[in-house]
Amino acid sequence: MGEIADGEAASSQQQPKTMGRKVLDFFMNDLLLYLTILAVLLGAIVGFFLRQYEPEPYTIYVLKFPGEIMLRMLKMLILPLITCSLITGVTALDSEASGKMGSKALLYYFSTTILATILGIILVVIIHPGDPKAISADEYNVKPNAFKGDTVDAMFDLVRNMFPDNLVQACFQQARTSFKAVEKVDNETGNVTIVYQQDGVEYANGMNVLGLITFCICIGVVMTKMKHVSQPIITLIAAFNDIIMKLVLFFMWYSPVGIFFLIVSNILKIKDLASTGKVMGMFIFTVITGLSIHFVITLVGLYFVFTRKNPLVFIRNMLPAMMTAFGTASSTATLPLTFYCLEEKNKLDSRVTRFVIPIGATVNMDGTALYEALTAIFIAQLNDIEMNLGNMLTICITSIAASVGAASIPSAGLVTMILVFTAVGLPTEQISLIYTIDWFLDRFRTMINVMGDSFGAAIVYELSKAELAKTDEDEAAAADGNQSKLALEDERAEEQV
Ligand code: ASP
């Protein structure tokens with residue numbers, strides 16, 4: 001039966017494809033891609049068209065609903081996807097190979113993030129979008145819901161979250177420093193000011209991805225070392241991972257609908273498009289130029305240097321993930337599509353993608369780092385505050401830290417930006433000036449964040465081919481060894497009979 005089926009498959013492969021078949025194949029392979037691009041374009045057109053009717057908040061709320069459902073579908077898959085993919089990724093390699101792959105990935109993440117930050121600083125200094133006469137920054141002195149700590153608190157929170165004290169809670173909450181307000185009296189003037197003091201730890205809603213990553217890597221390494229007992233669990237988790245990927249494929253067909261409605265509702269929500277554009281036009285231009293240069297020169301350049309492959313093919317295959325990043329403004333929500341595009345379209349080894357992509361989506365955010373550094377200097381320019389080399393270095397370091405600490409969710413970069421501002425003494429209240437346009441810029445930087453991880457996976461794959469081949473050989477040898485051991489045991493049993 002198997003032979004007949006194989007024979008049929010072979011003969012159908014030999015038949016030349018008709019024109020109709022080719023067209024059908026073309027559409028079936030790329031249909032999702034075209035639908036996603038169409039969704040973004042149509043969403044923008046319909047959004048701008050509907051603005052003239054000034055829809056009620058309730059209408060916008062209803063229009064957002066299909067988009068909200070898409071986000072819920074994607075988010076539903078994140079927990080099983082991250083945990084299963086990391087465990088299968090780590091257990092598919094021996095500990096030496098995963099160690100080497102991990103250090104290559106970290107080196108890539110670190111160097112591209114530094115390059116992005118430096119580029120952001122250079123561009124904002126050259127273009128100088130912040131004209132102090134253009135706007136009165138004081139108008140925007142609305143106190144945002146600010147993070148009250150400093151860089152040390154943020155770093156403590158990062159490490160705290162790496163080691164969650166409760167794994168179940170880590171699936172939906174993160175730890176953060178809590179503060180209490182205390183009155184401080186100035187002995188000389190008698191003035192009373194309110195200062196915030198650390199007051200232990202509190203929990204805020206949101207998945208603690210970093211904690212889950214630590215746990216999965218640790219458990220994966222131990223499982224690899226104890227393969228003789230852990231093999232059934234490894235097989236089970238790998239099977240579950242494949243099932244989740246199938247589910248991703250299924251849900252993906254809904255993503256064009258979701259993206260369309262998300263973009264329409266977001267465009268309708270903007271308050272005053274023209275005046276925001278006029279005031280912030282140069283800033284938006286600088287950010288988008290920076291992100292584009294980082295994409296074209298740094299990311300594409302590194303990809304080409306290391307792989308010697310056509311980057312356009314790689315980018316084209318990544319388009320559904322890029323469009324989803326644009327629509328959702330969240331690298332985590334895009335994860336299912338990132339995996340799909342890398343494994344199914346760009347044919348990267350799943351042992352690499354499963355290992356490096358979940359980590360990259362959490363800690364590697366080139367777009368966010370560039371944006372934070374650039375924005376800090378922009379605000380300094382607006383307020384006519386001189387930034388010396390030391391300040392620039394501080395901005396560079398804190399922007400990298402802030403991008404690592406930022407969650408991969410919409411506008412997370414805006415929250416961690418407070419760190420950068422505090423480090424160089426910029427007025428944190430003025431971050432609210434950026435609020436008006438962050439929804440827009442977030443989409444671009446999320447695309448760059450996702451592409452930074454994806455190019456990274458391709459480069460790590462290219463550099464790890466030797467280790468992967470060695471793992472394959474070792475496994476084949478182990479399988480051979482097992483078989484000959486079994487054969488020997490059979491022979492002995494027969495002899496005894
Ligand atoms: N939205 C970004 C992301 O998910 C994070 C940020 O706000 O910069 O990658």
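A. How the structure looks around empty space enclosed by the protein. For the structure on display, the rule yields 2 cavities of 30 Å³ or more. Space inside the largest cavity adds up to approximately 70 Å³. Among the elements of the structure, helix H16 (412–423) and helix H17 (431–463) are those that each provide at least two residues to the lining of the largest cavity. In terms of residues, the lining of the largest cavity owes the most to one element, H17, which gives 4 residues. When its residues are assigned to classes, the lining of the largest cavity shows 5 nonpolar, 7 polar and 2 charged. Each pocket or cavity is described by its volume, and for the second largest cavity that value is around 30 Å³. Around the second largest cavity sit Ser-331, Leu-335, Thr-338, Ile-357, Ala-361, Val-450 and Asp-453, which together line it. Among the secondary structure elements, those contributing two or more residues to the lining of the second largest cavity are helix H12 (331–345), helix H13 (350–363) and H17. Per-class residue counts for the lining of the second largest cavity are 4 nonpolar, 2 polar and 1 charged.

B. Seen up close, the site of the ligand. Taken together, 15 residues are adjacent to the ligand, and Ser-331, Thr-368, Gly-413, Asp-442 and Arg-445 come closest. Within the side chain of Thr-446, one N or O atom sits 3.1 Å away from a nitrogen atom of the ligand. Expressed as a share of its isolated accessible area of 270 Å², the protein-covered part of the ligand is 100%. A majority-of-atoms criterion places the ligand in the largest cavity. Going through the elements one at a time, H16 and H17 are the ones with two or more residues in the shell around the ligand. Of the residues forming the shell around the ligand, the biggest block, 4 residues, is contributed by H17.

C. Highlighting the packing of helix H7 (residues 209–225) against H13. Running from N to C, H7 and H13 point in directions that differ by 150 degrees, and their axes come no closer than 10 Å. Taken as axis vectors, H7 and H13 run roughly antiparallel relative to one another. For the crossing formed where H7 meets H13, the hand is left-handed. Note on element contacts: H13 touches H7 through Pro-358, Ile-359, Thr-362 and Val-363, opposite Val-209, Leu-210, Ile-213 and Ile-217. The class makeup of the residues in the contact of H7 with H13 is 7 nonpolar, 1 polar and no charged.

D. Quick look at helix H9 (residues 255–269). Between its first and last C-alpha, H9 extends 21 Å over 15 residues, near the 21 Å set by a 1.5 Å rise per residue. Where burial is concerned, most of H9 is hidden: 12 out of the 15 residues are buried. Within the sequence span of H9, burial applies to Ser-255, Pro-256, Gly-258, Ile-259, Phe-260, Leu-262, Ile-263, Val-264, Ser-265, Asn-266, Ile-267 and Leu-268.

E. Representation of the packing of helix H14 (residues 366–382) against H17 in the model. Contact pair H14 / H17: the axes reach a minimum separation of 7 Å and the direction vectors enclose 150 degrees. Accordingly, the angle class assigned to the pair H14 and H17 is roughly antiparallel. Relative to H17, H14 is oriented so that their crossing is right-handed. Where H14 approaches H17, its residues Asp-366, Gly-367, Thr-368, Tyr-371, Thr-375, Phe-378, Ile-379 and Leu-382 are matched on the opposing element by Leu-433, Ile-434, Asp-438, Leu-441, Arg-445, Ile-448, Asn-449 and Gly-452. Partitioning the contact of H14 with H17 into residue classes produces 8 nonpolar, 5 polar and 3 charged.

F. Here's a closer look at the packing of aromatic side chains. According to the stated counting rule, one finds 14 aromatic pairs in the structure shown. Centroid distance Phe-49 to Tyr-53: 5.7 Å. Interplanar angle 70 degrees. Geometry classified as edge-to-face. A relative accessible area of 46% places Phe-49 in the partly exposed class. For Tyr-53, a relative accessible area of 54% translates into the label exposed. Both rings, one in Phe-295 and one in Phe-455, keep their centres 5.9 Å apart while their planes meet at 50 degrees; by these two values the pair is tilted. One end of the pair, Phe-295, is in helix H10 (residues 273–307); the other, Phe-455, is in helix H17, with 160 residues separating them in the sequence. On the basis of relative accessibility, which here comes to 0%, the residue Phe-455 falls in the buried class. In textbook terms, an aromatic cluster arises when at least three aromatic residues are bridged by ring pairs, as seen for Phe-295, Tyr-303, Phe-314 and Phe-455.

G. Structural context of the nonpolar core. By size, the foremost hydrophobic cluster in this structure holds 120 residues, and its most contacted members are Phe-283, Phe-295, Val-356, Phe-378, Ile-395 and Phe-455. When residues of this core are assigned to their parent elements, the largest contribution, 15 residues, is made by H17. Excluding residues within four positions of it along the chain, Phe-283 makes contact with Pro-129, Tyr-371, Leu-374, Thr-375, Phe-378, Ile-434, Ile-437 and Leu-441.

H. Main features of helix H3 (residues 57–91). Counted at 1.5 Å a residue, the expected span for H3 with its 35 residues is 51 Å, and the 50 Å between its end C-alpha atoms agrees. At Phe-65, H3 shows its maximal bend, which comes to roughly 40 degrees, and the proline Pro-66 appears one to four places after that position.

Reading the values: rules and limits
Within every chain, residues take consecutive numbers counted from 1 along the sequence as written. pLDDT decides what is reported in this predicted model: residues at 70 or higher carry local features, side-chain atom pairs at 80 or more are listed and counted, and totals for whole chains, interfaces and linings draw on all residues regardless. Excluding hydrogens and water, the side-chain values take into account all heavy atoms of the structure. In this analysis the probe radius is 1.4 Å and the grid spacing 1 Å, with only protein atoms considered; a cavity is a set of points the probe fits into but cannot get out of, a pocket is an open set with protein on both sides within 12 Å along at least five of seven lines, and lining residues have an atom within 4 Å of a point. Grid points are joined across faces, edges and corners, and a volume is the space filled by probe spheres set on the points. Counting from the N terminus, the helices are the DSSP runs of H or I reaching at least four residues and the strands are the DSSP runs of E reaching at least two. Any residue outside Ala, Val, Leu, Ile, Met, Phe, Trp, Tyr, Cys, Pro, Asp, Glu, Lys and Arg is labelled polar, Gly included; the first ten of those are nonpolar and the last four are charged. It suffices for a single heavy atom of a residue to lie within 4 Å of a molecule or strand for the residue to be listed as near it. In protein, a polar contact means a hydrogen-donor-capable atom and an acceptor-capable atom, both N or O and within 3.5 Å, with residues adjacent in sequence counting only if both atoms are side-chain atoms; elsewhere, any N or O pair within 3.5 Å suffices. All accessibility values rest on the Shrake-Rupley procedure with a 1.4 Å probe; residue burial counts only the protein chains present in the view. Whether a molecule sits in a cavity or pocket is decided by its atoms, more than half of which must lie within 2 Å of the grid points. Lines fitted to C-alpha atoms define the axes, with helix axes restricted to the stretch in contact, and inter-axis angles between N-to-C directions lie between 0 and 180 degrees. Throughout this description, any angle smaller than 35 degrees is read as roughly parallel, any larger than 145 degrees as roughly antiparallel, any in the 65 to 115 degree range as roughly perpendicular, and the remainder as oblique. Crossings are sorted by hand: turned counterclockwise from the far helix by less than a right angle, the near helix makes the crossing left-handed, and turned clockwise it makes it right-handed. By definition, residues are in contact when any of their heavy atoms lie within 4.5 Å. Here a helix's expected span is defined as the number of its residues, less one, multiplied by 1.5 Å. For every residue, the accessible area (1.4 Å probe, protein chains only) is compared with the maximum for its type, and the residue is labelled buried under 20%, exposed over 50%, or partly exposed between those bounds. Stacked, tilted and edge-to-face are the three classes applied to pairs of Phe, Tyr and Trp rings, where Trp contributes its six-membered ring and a pair requires centres within 6.5 Å; stacked means planes under 30 degrees apart, edge-to-face means over 60, and tilted covers the rest. What we call a nonpolar core is a set of buried Ala, Val, Leu, Ile, Met, Phe, Trp, Tyr and Cys residues that are connected through their side-chain atoms within 4.5 Å. Two axes define the bend at a residue: one fitted to the seven residues ending there, one fitted to the seven starting there, and the bend is the angle between them.

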